[in-house]
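So the chains spell out like this:
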Amino acid sequence: MESVPLNPKLRNRLTRFLHLGIENPQYFPGCWSSHKCFKVEKLQAVNEALGNGINNVEVVNIILKAYKDGWYTRFDTIAFALTKCLLIGSPTIKEATYKAAAEICNSVEEMMLFGKFTRVLRTGNGRGWCRTIKDWYTKKDPMELAKEMTRVRSRHGRSHKILIRKCHVKIAENDHARDAIVKYALFGIKRARQLLENVGGTQEIFDYIQKVEDLRHCEDPIAAGAMIEQNSFTLDHVPGHLLTAQEVWDAVMPQFSLDDLLHNIQRIHNMGFLTSDSTTTAILISLLSNQEVIKKSKLTPLAVYITLCNYQKGSKPLKYERAKMAMEKLKRRRTRQIFDSNTGLWEWSVAKRHPKETKHWGIDMPPNQNVIAALHKLIDLTWVLTPPTNVRYLITMDMRNHMFKGRHFCKNFVLPRKNKKTETKTSPGGGGDADAEKPESKKRLLAECFFNCHVTPGHAAIILALQLLKREKNVQLAVFTDGGLELVTIEANFSSISEAEFILRKTNLGRVQLDAPIEWAHKNNENFDVFINMVDRTTRFMELDLSERGGRGQAAHFAPPPDPDKNLVDHCPVRALYRYRDSHVPNAKLIVMSLASKRVLTTDGDHEGVLDIIGIDEHVPKVMDAFVLGQFL
């Protein structure tokens, strides 16, 4: 069949999936907990675009463009979308997909993840798959290939040995260096040397592989640390039996990027290496303040703040199964510890460490205050690392007490069942902290960010707002009030998180109405390209009187306009945005951030330029930038 132009709605759904992991205009950080969320029935846009043998190569081009632009947050969506094209597409689409895969799968992790999805979706290991895998092994520089293959030996249940045999790699007759690497993967270093040791061009390759093998079999941590420093080995090169040695971590940490460093801080602390006078602490703090390391990264202040909060709490947020396992380990640990009432800490009552205890030997130590101070300084050094978007922002935040309190009571606004005889209240109270309701009419809520319960919604909103304020030229900050909103003036060059919090919380605060910023801009003839509303939960609209809830559905979901006979004002933020586009900025966008609840649906998915963000993670700033720049609609 001939190629059919891709429907704009299908294009939007596809690009949303590539950037958000879901076809609807919603970003859920928690949907990335495992690859189990990627099932055959996901990404129906590809089914509709390529069904019935349609040869629409534009789908593959969109995936390739999303990868090259670099605005996607995780490679999983790119690999899954490519594999879905193989599963659904015609031979023409499959040929284009394999060509794109050869351009996209550059690192060994990317190549093996693509192989995992082809195995899970059962697309087969035909000639196209074999050619793609063979190209990965035959087109890289031999030394680069040796480093990649020794760094990552296997992933997702497949090793290089299995892949090489399945795709039937054939090396050119004069390519002896690459042949040595392939034979090493198939037979090991000893047999490969016997076959090719005296062949020219293989000595450098064998020398490097031998150093990696020496590290794998080294039992002395001091000698292993020296080998790592001398050869600039990464953490992936380090064998498991050396991962609890302090000398090894001291040697491998300078090879870390800033993202890897933040990812491993808690792990290093749990092994007991971050004491006040340890060399590991000195190396860590020096790297966290190293200007060259910081400039090479694209780290955001939110990512640093999440790491800081997790480190202060002693662990990142755990799901139920992980938390249950952690409690069992804690009980076993307490049987070998004694509580010191003077210091308030648990001390080990044994001198000899059990092998399973080595990586948790320092887990009961309090956080190192010098590391915490270094992370606070790092936040101030990362405000402008990401490039500006050069658009006009109006950021409106709810800064009332419930955004910062750990736990509080809110009125339960769940609708009563029809079979129960209950009196319907026409005007509920203020919710949050406003009214004194009966205990049975309240429910306990957590003022914690969804997917990152160690971070309060108020501080997350302030950090995201300050990053845009310090990075962009045209940013207006405001807070929700009973009358709509109130602008807040904060100096970008002299404000800190605590200073901004003080200024924002002392203003005239009031109840949330998500369309208020757009209506204010429309009334005052202000031009903004992006409206950002930051609240803990969008059900705050239930604090309003019934006359002020027009156009809002249950749990603040998108709903049709109110009945004209009821004389209600339409307060739907999406329709307010469309009215604003007609009279002011045609391409204005709206971002609604529900930081502490997943019950949000600002749009039904058919409106362009509207995005819901549920909770936070370290990728939220990148998602916002990509949305603002029109990478997905």
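Remember, it's a predicted structure, so these values are computed and weren't measured experimentally.

Observations concerning the overall build of the chain
Step number 1: Within the chain, the regular secondary structure consists of 25 helices and 13 strands.
Step number 2: Relative to the globule expectation of 26 Å for 633 residues, the C-alpha radius of gyration of the chain, 28 Å, shows essentially globular dimensions.
Step number 3: Considered along the principal axes of its C-alpha atoms, the chain spans approximately 90 × 80 × 55 Å.
Step number 4: Counting every position in the chain, which comprises 633 residues, the buried fraction comes to 52%.
Step number 5: Nonlocal contacts in the chain, meaning residues at least 24 apart in sequence, comprise 71% of its contacts between residues at least 6 apart.

Description of the environment of Ala461
Step number 1: Along the chain, Ala461 falls in helix α21 (residues 457–471).
Step number 2: Judged by relative accessible area, which is 0%, Ala461 ranks as buried.
Step number 3: A C-alpha to C-alpha distance of 9.8 Å links Ala461 and Ile616, two positions 155 residues apart in sequence.
Step number 4: Apart from residues no more than four positions distant in its own chain, Ala461 is found in contact with Met397, Met399, Met534 and Leu595.

Description of the pairing of strand β13 (residues 610–614)
Step number 1: Extensive coverage of β13 is indicated by the burial of five of its five residues.
Step number 2: Side-chain alternation along β13 places Val610, Asp612 and Ile614 on one buried face and Leu611 and Ile613 on a second face that is also buried.
Step number 3: Looking at chain direction, strand β1 (residues 26–27) and β13 are connected through two bridges and run parallel. From the neighbouring strand, Tyr27 faces β13, where its bridge partner is Ile613.

Focus: a positive patch on the surface
Step number 1: A cluster of like positive charges, contributed by Arg267, Lys316, Arg322, Lys329, Arg332, Lys356 and Lys359, occupies part of the molecular surface.
Step number 2: Mapped onto the secondary structure, Arg322 falls in helix α19 (residues 320–334).

What to know about the nonpolar core
The tendency in soluble globular proteins is for nonpolar side chains to be buried side by side.
Step number 1: Within the largest apolar cluster, 161 residues are counted, with the highest numbers of intra-cluster contacts made by Tyr137, Ile395, Ile532 and Met593.
Step number 2: Among the elements that take part in this core, α21 stands out by supplying nine residues, more than any other.
Step number 3: Every residue in contact with Ile395, bar those within four places of it in the chain, is listed here: Ala465, Leu468, Val475, Gln476, Leu477, Ala478, Ile532 and Met534.
Step number 4: Leu485, Val512, Val574 and Val592 belong to the second-largest nonpolar core, a separate cluster that totals 21 residues.

Some remarks on the confidence of the model for the chain
Step number 1: With 91% of its residues at a pLDDT of at least 70, the chain reaches an overall mean of 86.
Step number 2: Between residues 412–418, whose pLDDT stays under 50, and residues either more than four places distant or in other chains, the model counts seven contacts.

Concerning the environment of Asn368
Step number 1: Tracing the backbone shows Asn368 in the loop between β5 (345–348) and α20 (369–381).
Step number 2: For Asn368, a relative accessible area of 7% translates into the label buried.
Step number 3: Placed 94 residues apart in sequence, Asn368 and Leu274 show a C-alpha to C-alpha distance of 6.6 Å.
Step number 4: Asn368 has contacts with Leu274, Thr275, Ser276, Thr281 and Tyr311, leaving out every residue within four places of it along the chain.
Step number 5: Within the structure, Asn368 has its side chain in polar contact with the backbone oxygen of Thr275 (distance 3.4 Å).

Some words on the packing of aromatic side chains
Step number 1: Counted according to the given criterion, the structure contains 13 aromatic pairs.
Step number 2: Measuring from centroid to centroid gives 5.1 Å for Phe531 and Tyr580, while their planes differ by 85°, and the two rings are edge-to-face. Taken as a pair, Phe531 in strand β11 (residues 530–535) and Tyr580 in helix α24 (residues 573–583) lie far apart in primary sequence, 49 residues in all. Across the pair, exposure class does not vary: Phe531 and Tyr580 are buried alike.
Step number 3: Three or more aromatic residues link up through ring pairs in this structure, and these residues are Phe17, Phe80 and Phe117.
Step number 4: Just above the ring of Phe404 sits the side chain of Arg505; from NZ or CZ to the centre is 4.0 Å.
Step number 5: If you follow Arg581 out to its NZ or CZ, it ends over the ring of Tyr578, 4.8 Å from the centre.

Here's the deal with helix α8 (residues 142–151)
Step number 1: Of all 10 residues in α8, eight are buried; the element is thus mostly enclosed.
Step number 2: Turning to α8, its buried residues are Pro142, Met143, Leu145, Ala146, Glu148, Met149, Thr150 and Arg151.
Step number 3: Against α6 (108–120), α7 (127–138), α9 (160–167), α10 (176–187) and α12 (203–216) lie the buried residues of α8.
Step number 4: A side-chain oxygen of the first residue of α8 lies 3.2 Å from the backbone nitrogen of Met143; this N-cap is Asp141.

Considering the side chain of Arg575
Step number 1: Note that Arg575 resides in helix α24.
Step number 2: Once residues within four sequence positions are removed from consideration, Arg575 is found in contact with Gly551, Phe558, Ala559, Pro560, Pro561 and Asp570.

Side note on the packing of helix α15 (residues 258–270) against helix α16 (residues 279–288)
Step number 1: At their nearest, the axes of α15 and α16 sit 11 Å apart, and the two run at 150° to each other. Overall, the two elements α15 and α16 adopt an arrangement that is roughly antiparallel. The hand of the α15/α16 crossing is left-handed. Residue-level inspection shows Leu258, Leu261, Leu262, Ile265 and Ile268 of α15 in contact with α16, the latter providing Thr280, Leu284, Leu287 and Leu288.
Step number 2: Counted by class, the contact of α15 with α16 contains eight nonpolar, one polar and no charged residues.

Thoughts on the pattern of salt bridges
Step number 1: Scanning all chains against the criterion turns up 26 salt bridges.
Step number 2: Taking the shortest distance from any N to any O, the salt bridge between Arg471 and Asp625 comes out at 2.9 Å. Here Asp625 lies in helix α25 (residues 620–628) and Arg471 lies in helix α21, a separation of 154 residues in the sequence.
Step number 3: For Asp625, a relative accessible area of 6% puts it in the buried group.
Step number 4: One network of salt bridges, with partners in common, ties together Glu109, Glu148, Arg151 and Asp236.

Quick look at the environment of Lys84
Step number 1: Checked against the element boundaries, Lys84 lands in helix α4 (residues 75–88).
Step number 2: Residues Lys84 and Thr97, spaced 13 residues apart in sequence, show a C-alpha to C-alpha distance of 9.7 Å.
Step number 3: Discounting chain neighbours no more than four positions away, the residues touching Lys84 are Val40, Glu41, Lys42, Leu43, Val46, Asn47, Gly89 and Leu121.
Step number 4: Within polar-contact distance, the side chain of Lys84 engages the backbone oxygen of Val40 at 3.0 Å.

What to know about unusual backbone geometry
Step number 1: Located in the positive-phi region is His156, a residue other than glycine, with phi close to 55°.
Step number 2: Within the fold, His156 resides in the loop between β2 (154–155) and β3 (158–159).

A few points about the sheet that holds strand β12 (residues 589–594)
Step number 1: Across the sheet, which stays open at both edges, the seven strands sit in the order β1-β13-β12-β11-β6-β9-β10 with mixed pairing between neighbours. The sheet is open, and its two edges are formed by β1 and β10 (484–488), each paired on a single side.
Step number 2: Where helix α23 (residues 516–523) meets the sheet, it contacts β6 (393–397), β9 (475–481), β10, β11 and β12, and its direction lies at approximately 75° from that of β10.
Step number 3: Strands β1, β6, β11, β12 and β13 of the sheet are contacted by α25, whose axis makes an angle of about 160° with β12.

Rules and cut-offs
Residues numbered from 1 in each chain as written. Predicted model: local features only at pLDDT ≥ 70, side-chain atom pairs only at ≥ 80, totals over all residues. Heavy atoms only, no water. Helix = DSSP H or I, 4+ residues; strand = E, 2+ residues; numbered from the N terminus. Rg over C-alpha atoms; globule rule 2.2 N^0.38 Å. Buried < 20%, exposed > 50% of the residue type's maximum accessible area, 1.4 Å probe, protein only. Contact = heavy atoms within 4.5 Å. Pairing = 2+ DSSP bridges. Patch = residues over 30% accessible without salt bridge, like charges linked within 9 Å, V, L, I, M, F, W, Y side chains within 5 Å. Areas by Shrake-Rupley, 256 points an atom, 1.4 Å probe, with all protein chains shown as cover. Salt bridge = Lys/Arg side-chain N within 4 Å of Asp/Glu carboxyl O. Lys, Arg positive; Asp, Glu negative; His and termini not counted. Charge placed at Lys NZ, Arg CZ, Asp CG, Glu CD. Core = buried A, V, L, I, M, F, W, Y, C linked by side-chain atoms within 4.5 Å. pLDDT = per-residue confidence, 0-100. Polar contact = N/O pair within 3.5 Å; in protein donor to acceptor, adjacent residues only side chain to side chain. Phe/Tyr/Trp six-rings, centres within 6.5 Å; stacked < 30°, edge-to-face > 60°. Lys NZ or Arg CZ within 6 Å of the ring centre and 35° of its normal. Axes fitted to C-alpha atoms, helices over the stretch in contact; angles between N-to-C directions. Parallel < 35°, antiparallel > 145°, perpendicular 65-115°, else oblique. Left-handed = near helix turned anticlockwise from the far one by under 90°. Nonpolar A, V, L, I, M, F, W, Y, C, P; charged D, E, K, R; others polar.

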